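# Geometric and topological summary
Residue-level listing of the chains:
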Amino acid sequence: MWIGAGSAIGGTARFGIDQLFIGMGLDWFPWGTLAVNAVGSWLIGLVAAITMFAERSALPNHIQQFIIGGFCGGFTTFSILSLETLQLFESYPHLAAANILVTLLVCLLSVWSGYLQGKRLKDVLG
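Residues numbered from 1 in each chain as written. Predicted model: local features only at pLDDT ≥ 70, side-chain atom pairs only at ≥ 80, totals over all residues. Heavy atoms only, no water.

Take the UniProt feature "transmembrane region" (unreviewed entry) in the chain next. UniProt's entry tags residues 28-54, 66-83 and 95-116 with the feature "transmembrane region" (unreviewed entry), counted in the numbering of this structure. Spanning residues 66-83, this segment combines 89% helix with 0% strand, and its end C-alpha atoms are found 26 Å apart. Across residues 95-116 one finds 100% helix and 0% strand; the C-alpha atoms that close the span lie 31 Å apart. (UniProt positions renumbered as here; feature names shortened; annotations may be inferred. Helix = DSSP H or I, 4+ residues; strand = E, 2+ residues; numbered from the N terminus.)

With that settled, the discussion passes to the side chain of Thr51. Position of Thr51 relative to the elements: it lies in helix H2 (residues 31-52). Polar side-chain contacts of Thr51 include one of 2.9 Å to the backbone oxygen of Val47. Aside from chain neighbours lying at most four places away, what touches Thr51 is Ser57, Leu59 and Gln64. (Polar contact = N/O pair within 3.5 Å; in protein donor to acceptor, adjacent residues only side chain to side chain. Contact = heavy atoms within 4.5 Å.)

What follows concerns the environment of Thr12. Looking at the element boundaries, Thr12 is found in helix H1 (residues 2-23). For the pair Thr12 and Phe71, spaced 59 residues apart in the sequence, the C-alpha separation amounts to 9.7 Å. Of note is the side chain of Thr12, whose polar atom sits 2.7 Å from the backbone oxygen of Ala8.

Shown next, in the form of structure tokens:
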């Protein structure tokens, strides 16, 4: 139930963010997908660090499931990334390559940042 609720909220948020970028006229590059993958990567790193390094997790198990398996699973979208990259490749191979490289770099930096912040937050919360 928690994963399903998180997925519904995450998927809805992903669609809304994508529409926001399209509405801003930024549909020439998949900015919405990049944004949600970066934010989702940061969030999953943060929550993982908070729950992995605590003797007793500050987050109950159902909240962890809601955020990690549900919200982040519904919010981030590797399958859409793959499709958008393929579509870019058909007309603009250089943008397709840029999309792959930028997404990988941004998401790795985001998960690392969230992870470090989660470890700090865990130390503050005890």
